[in-house]
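Examination of the molecular architecture
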Amino acid sequence: MRRAVFVDRDNTLIDNHGYLADPEAVRLLPGAAAAVARLRSAGYRVVVVTNQSGVARGLVTEDQLAAVHQRMQDLLRSEGTGVDAVYYCPYLDTEEAVVPAYRRNSDLRKPRPGMLLLAAREMGLSLPECWMIGDAERDIEAGRAAGCRTIRIHLQAGERSLADMTARDLAEAADRILSFPSDDAEEPARMTPTMQESGAESRGDARTTLPDAAGSQRPALSDPGGVLPQILDELRTARLEAQRRDFSLATLVGAVTQAFAVCALGWGLWAAMDVSGKNPGAVNDAVMRLLAAIVFQLMALTAFVAGRR
């Protein structure tokens, strides 16, 4: 199955601090195009997954959104690359959603993993081999829920994240992905015929989670008895298998060293309880044993951290 890197759109791939409706205002972030090109050359599909509640808020139309995505793709294409797909969620379930057709609670909206699951199903992706890159914690939560590895960018000082890694920007995130050990090699991704055509319509190379042009609706991901629970169960199983494969020598060393630390701690406490005035060296003996326990504990923690890299 294929590997992919899921990328958030705003402030990850392009610069945007509002509800972007004007294609002429689209600006790629520095190094973003080169990062996309390197990922695709390494065999990864690059898939944009973005919340676009501006549609539900009445601030952006879907036609405007399609034009923005086309402009983004054109800018990437001008630098010799492009994304493989764009999935967006236009829905919002709060009072700020003034367009009734888009006011709903959708499993496609991050931090839920719906867009990633849909892309995996449609594009034949192996989610445990995929990555999610974003500048917000909802991106990380969506990636983790889908079973992907995650990278948080633009992390502020003092801010915490559940991401597997952090990076300054998309370029550094791509470096981290490409330096991550992988057993599977894949043919470099190629531009699809639709993306190569300069006159392609925006909906041709921006795949959406909305009804198809012919009016047929894709299966609803919000259906609790539908395909989503099945996919989630499969992902949990795959993630457990991946965790078992990740067991390493460093983890084994950490476990053994942890056992030594516990023994040394017990030995030191026993010596401390046996301190008396008849044995002046007993205090020093107890201190040395407790220090040994601390050293073993630090060694165990180091081994565990090394085993998770």
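Note that this is a predicted model, so its numbers are computed, not measured.

**Thoughts on the pairing of strand E1 (residues 4-7)**
Burial along E1 is two-sided: the residues Ala-4 and Phe-6 and Val-5 and Val-7 are all buried. Of the strand pairs in this sheet, E1 and strand E4 (residues 131-134) are connected by 3 bridges, and their pairing is parallel. Bridge assignment links Val-5 to a residue of E4, and that residue is Trp-131.

**A closer look at the confidence of the model for the chain**
Residue-level pLDDT values for the chain average 80, and 73% of them are 70 or greater. Within the model, pLDDT remains below 50 along residues 209-227, and this stretch shows 31 contacts once partners closer than five positions in the same chain are excluded.

**Some remarks on unusual backbone geometry**
Pro-111 follows Lys-110 through a cis peptide bond whose omega is 20°. Take Pro-111: it is sitting in the loop between strand E3 (85-89) and helix H3 (114-123). Even without glycine at this site, His-154 takes up a positive phi of about 55°. Checked against the element boundaries, His-154 lands in the loop between strand E5 (149-153) and strand E6 (165-167).

**Describing the packing of helix H1 (residues 32-41) against helix H5 (residues 170-179)**
The contact between H1 and H5 brings their axes to 8 Å, and the two run at 20°. The angle between H1 and H5 places the two elements in the roughly parallel class. Seen along the crossing, H1 lies across H5 with a hand that is left-handed. Along the contact surface, H1 presents Ala-32, Ala-35, Val-36, Arg-38 and Leu-39, while H5 presents Leu-170, Ala-171, Ala-174, Asp-175, Ile-177 and Leu-178. Split by residue class, the contact of H1 with H5 holds 9 nonpolar, no polar and 2 charged.

**Structural notes on the sheet that holds E6**
Backbone hydrogen bonds hold the strands of a sheet together, and the pairing may be parallel or antiparallel. Here 6 strands make up an open sheet; going across it, the order is E3-E2-E1-E4-E5-E6 and the pairing parallel. One side of each edge strand has no neighbouring strand; the edge strands of this open sheet are E3 and E6. With strand direction ignored, the average angle separating the axes of adjacent strands in the sheet is 20°. Packed on one face of the sheet, helix H4 (residues 137-146) meets strand E2 (45-51), E4 and E5 and runs near 175° to E5. The strands touched by H5 within the sheet are E1, E4, E5 and E6, with E6 carrying the most contacts at an inclination of about 140°.

**Focus on the packing of aromatic side chains**
In this structure the tally under the stated criterion is 3 aromatic pairs. Here the guanidinium or amino end of Arg-3 rests over the ring plane of Tyr-44, the centre of that ring lying 4.2 Å away.

**Let's talk about the pattern of salt bridges**
Tallying each qualifying case throughout the model produces 11 salt bridges. For the salt bridge of Lys-110 with Asp-8, the shortest nitrogen-to-oxygen distance reads 2.9 Å. One end of the pair, Lys-110, is in the loop between E3 and H3; the other, Asp-8, is in the loop between E1 and H1, and 102 residues separate them in sequence. Both residues of the pair, Lys-110 and Asp-8, belong to the buried class. A single network of salt bridges, built from pairs that share partners, joins Asp-8, Lys-110 and Asp-139.

**Focus on the environment of Gln-258**
Counting through the fold element by element, Gln-258 comes out in helix H9 (residues 249-273). Here Gln-258 falls in the partly exposed class, since its relative accessible area comes to 23%. Once the C-alpha coordinates of Gln-258 and Gln-297 are considered, the two residues, 39 residues apart in sequence, prove to be 5.9 Å apart. Only 2.8 Å separates the side chain of Gln-258 from the side chain of Gln-297, close enough to count as a polar contact.

**Let's talk about the environment of Leu-39**
With respect to the helices, strands and loops of the structure, Leu-39 is situated in helix H1. Judged by relative accessible area, Leu-39 falls into the buried class, the value being 1%. Spatially, the C-alpha atom of Leu-39 lies 9.9 Å from that of Ala-171, the residues being 132 residues apart in sequence. Discounting residues that sit within four places of it in the chain, Leu-39 has contacts with Val-5, Tyr-44, Val-46, Ala-174, Ile-177 and Leu-178.

**With respect to the nonpolar core**
Of all hydrophobic cores here, the largest spans 32 residues; its most connected members are Val-5, Leu-13, Met-72, Ile-133, Ile-151, Leu-170 and Ile-177. Of all the elements in the fold, those that place two or more residues in this core are E1, H1, E2, helix H2 (62-78), E4, E5, E6 and H5. No other element matches the 5 residues that H1 contributes to this core. Setting aside its immediate chain neighbours within four residues, Met-72 contacts Arg-9, Leu-13, Ile-14, Val-26, Leu-28, Val-48 and Val-86. Listed in part, the 31 residues of the second largest apolar core include Ala-56, Met-115, Leu-117 and Met-132.

Each value, and the rule that gives it
- Residues numbered from 1 in each chain as written.
- Predicted model: local features only at pLDDT ≥ 70, side-chain atom pairs only at ≥ 80, totals over all residues.
- Heavy atoms only, no water.
- Buried < 20%, exposed > 50% of the residue type's maximum accessible area, 1.4 Å probe, protein only.
- Helix = DSSP H or I, 4+ residues; strand = E, 2+ residues; numbered from the N terminus.
- Pairing = 2+ DSSP bridges.
- pLDDT = per-residue confidence, 0-100.
- Contact = heavy atoms within 4.5 Å.
- Axes fitted to C-alpha atoms, helices over the stretch in contact; angles between N-to-C directions.
- Parallel < 35°, antiparallel > 145°, perpendicular 65-115°, else oblique.
- Left-handed = near helix turned anticlockwise from the far one by under 90°.
- Nonpolar A, V, L, I, M, F, W, Y, C, P; charged D, E, K, R; others polar.
- Phe/Tyr/Trp six-rings, centres within 6.5 Å; stacked < 30°, edge-to-face > 60°.
- Lys NZ or Arg CZ within 6 Å of the ring centre and 35° of its normal.
- Salt bridge = Lys/Arg side-chain N within 4 Å of Asp/Glu carboxyl O.
- Polar contact = N/O pair within 3.5 Å; in protein donor to acceptor, adjacent residues only side chain to side chain.
- Core = buried A, V, L, I, M, F, W, Y, C linked by side-chain atoms within 4.5 Å.

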